[in-house]
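Examination of the molecular architecture
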Protein chains: 2
Amino acid sequence: MFTVFDDNHFMREAMKQAQMAFEEDEIPVGAVIVLDHHIIARAYNRTEQLKDVTAHAEIMAITAASDYLGSKYLKDCTLFVTLEPCLMCAGALKWAQIGRIVYAAGDDKQGFMRYGKEVLHPSTQLAYGVMQQESSRLLRTFFKAKRTIDKLL
Amino acid sequence: MFTVFDDNHFMREAMKQAQMAFEEDEIPVGAVIVLDHHIIARAYNRTEQLKDVTAHAEIMAITAASDYLGSKYLKDCTLFVTLEPCLMCAGALKWAQIGRIVYAAGDDKQGFMRYGKEVLHPSTQLAYGVMQQESSRLLRTFFKAKRTIDKLL
């Protein structure tokens, strides 16, 4: 039986955020934070717009979720993000003691998994690969367009 | 000859920020970002006040400096911080390609050096130990007071 509350459902919502980043000419990464089957925070990468390296989707989603809950800990929450978090974001997720992380596409270069799961809080659960192809496709389309523009300039 | 623009001078400014954190019952960590011998950003840890794990002194100083410069890169800047940055902050400093980091006290538990200097950008210079004793003393005083309060409660 189909349930709307599976990982695919929430990753689709994160993908919508990534699409919004894409449309604003940002590297297309989106995130949502979920508590008890409800989305309590949505964010997308805005590093170019804000001229701020800390404006990753995950960081802004953590800030929004903490603001919503009035707590700096997100122990019962799940983060869905379309790209493997970087070290900065993994470090933030560790401090927040997030309950679970689900990411779509891997990131061999900047992803935290180069350093292993131990950079996260020991109680954080981890899953990945959900909607990986859709996320990778959007990222590839973005970078391909960027390279084409660079060649034209 | 004494010059006001040495590392001690700017670390003293970072210590003033740490002291402000202390007075607001936050873990006392302060930071300043310097460009051409001028302080362009000052910040102190506000994670408790803001209920936000991302509100470390370094993260807020990066955001403030980027806002001031209108650039997400801080290649010609130096960050002075009273405690060794954590992985989250080191990751942010990597993205910002900060020119130089000077920290006071080391942090064996949460400091990024557990993972080595390679988590930073290859062009980032690193120095530490400046005013280490002053910073450690303030941190010890903070945690000692916290433990005393905990015992009383």
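Since this is a predicted model, take the numbers as computed values, not measurements. (Residues numbered from 1 in each chain as written. Chains lettered and ligands numbered in written order. Predicted model: local features only at pLDDT ≥ 70, side-chain atom pairs only at ≥ 80, totals over all residues. Heavy atoms only, no water.)

A few words on helix α4 (residues 87-95) of chain A. Counting buried residues along α4(A), seven of its nine residues qualify, which places the element largely inside the surrounding structure. Among all positions in α4(A), only A:L87, A:M88, A:C89, A:A90, A:G91, A:A92 and A:L93 are buried. Here the buried face of α4(A) lies against α3 (57-69), β3 (78-83) and β4 (100-105) of chain A together with α4 (87-95) of chain B. One or two steps after α4(A), the chain reaches A:Q97, where phi turns positive at roughly 50°. (Buried < 20%, exposed > 50% of the residue type's maximum accessible area, 1.4 Å probe, protein only. Helix = DSSP H or I, 4+ residues; strand = E, 2+ residues; numbered from the N terminus. Contact = heavy atoms within 4.5 Å.)

Right, let's talk about the interface of chain A and chain B for a bit. Every contact between the two is made by 26 residues of chain A and, on the other side, 26 residues of chain B. With both sides pooled, the region where chain A packs onto chain B buries about 2,300 Å², and carbon together with sulfur makes up 66% of that total. Ranking the residues of chain A by area buried against chain B places A:V53, A:K72 and A:W95 at the top, with a combined share of 29%. The tally of links from chain A across to chain B stands at two salt bridges. In this structure, the salt-bridge partner of A:E48 is B:K72, at a minimum N-O distance of 2.7 Å. Of all elements in the fold, only α2 (47-50), α3 and α4 of chain A reach the threshold of two or more residues within the side of chain A that touches chain B. Element by element, the count of residues in the side of chain A that touches chain B is highest for α4(A), at six residues. Residue classes in the side of chain A that touches chain B are distributed as eleven nonpolar, nine polar and six charged. (Buried area = accessible area lost by both parts, 1.4 Å probe. Salt bridge = Lys/Arg side-chain N within 4 Å of Asp/Glu carboxyl O. Nonpolar A, V, L, I, M, F, W, Y, C, P; charged D, E, K, R; others polar.)

Laying chain A over chain B is done by rotating through 180° and shifting 0.0 Å along the axis; what remains is an RMSD of 0.0 Å. Taken together, the rotation and translation relating the two chain copies correspond to the operation of a two-fold axis. Taking the C-alpha atom as reference, chain A places A:M88 closest to the rotation axis, 1.9 Å from it. In this assembly, 100% of the residues forming the interface of chain A have copies in chain B that are likewise at the interface, indicating an isologous arrangement. (Least-squares fit on C-alpha atoms with pLDDT ≥ 70 in both.)

This paragraph deals with the nonpolar core. Counting residues in hydrophobic clusters, the biggest one holds 70 residues, and the most contacted among them are A:I33 and B:I33. For B:I33, the contacting residues outside a window of four places in its chain are B:H38, B:I39, B:I40, B:A41, B:A61, B:I62, B:A65, B:L74, B:C77, B:T78 and B:L79. (Core = buried A, V, L, I, M, F, W, Y, C linked by side-chain atoms within 4.5 Å.)

Right, let's talk about the sheet that holds strand β2 (residues 38-44) of chain B for a bit. All names here are of chain B. In space, the five strands of this open sheet follow the order β2-β1-β3-β4-β5, with mixed pairing throughout. Of all strands in the sheet, those with a lone pairing partner are β2 and β5 (125-128), marking the two edges. Taking each pair of neighbouring strands and ignoring which way they run, the sheet shows an average axis angle of 15°. With five bridges joining them, strand β3 (residues 78-83) and strand β4 (residues 100-105) adopt parallel strand pairing. Across the sheet, the residue bridging to F80 is V102, located in β4. (Pairing = 2+ DSSP bridges. Axes fitted to C-alpha atoms, helices over the stretch in contact; angles between N-to-C directions.)

Residues and elements named next belong to chain A. Evaluation of the coordinates by the stated rule reveals ten salt bridges over all chains. Across the pair D7 and R100 runs a salt bridge whose closest N-O atoms are separated by 2.7 Å. A residue pair is termed long-range when its members are at least 10 positions apart, and D7 in helix α1 (residues 7-23) and R100 in strand β4 qualify at 93 residues. For R100, a relative accessible area of 22% corresponds to the partly exposed category.

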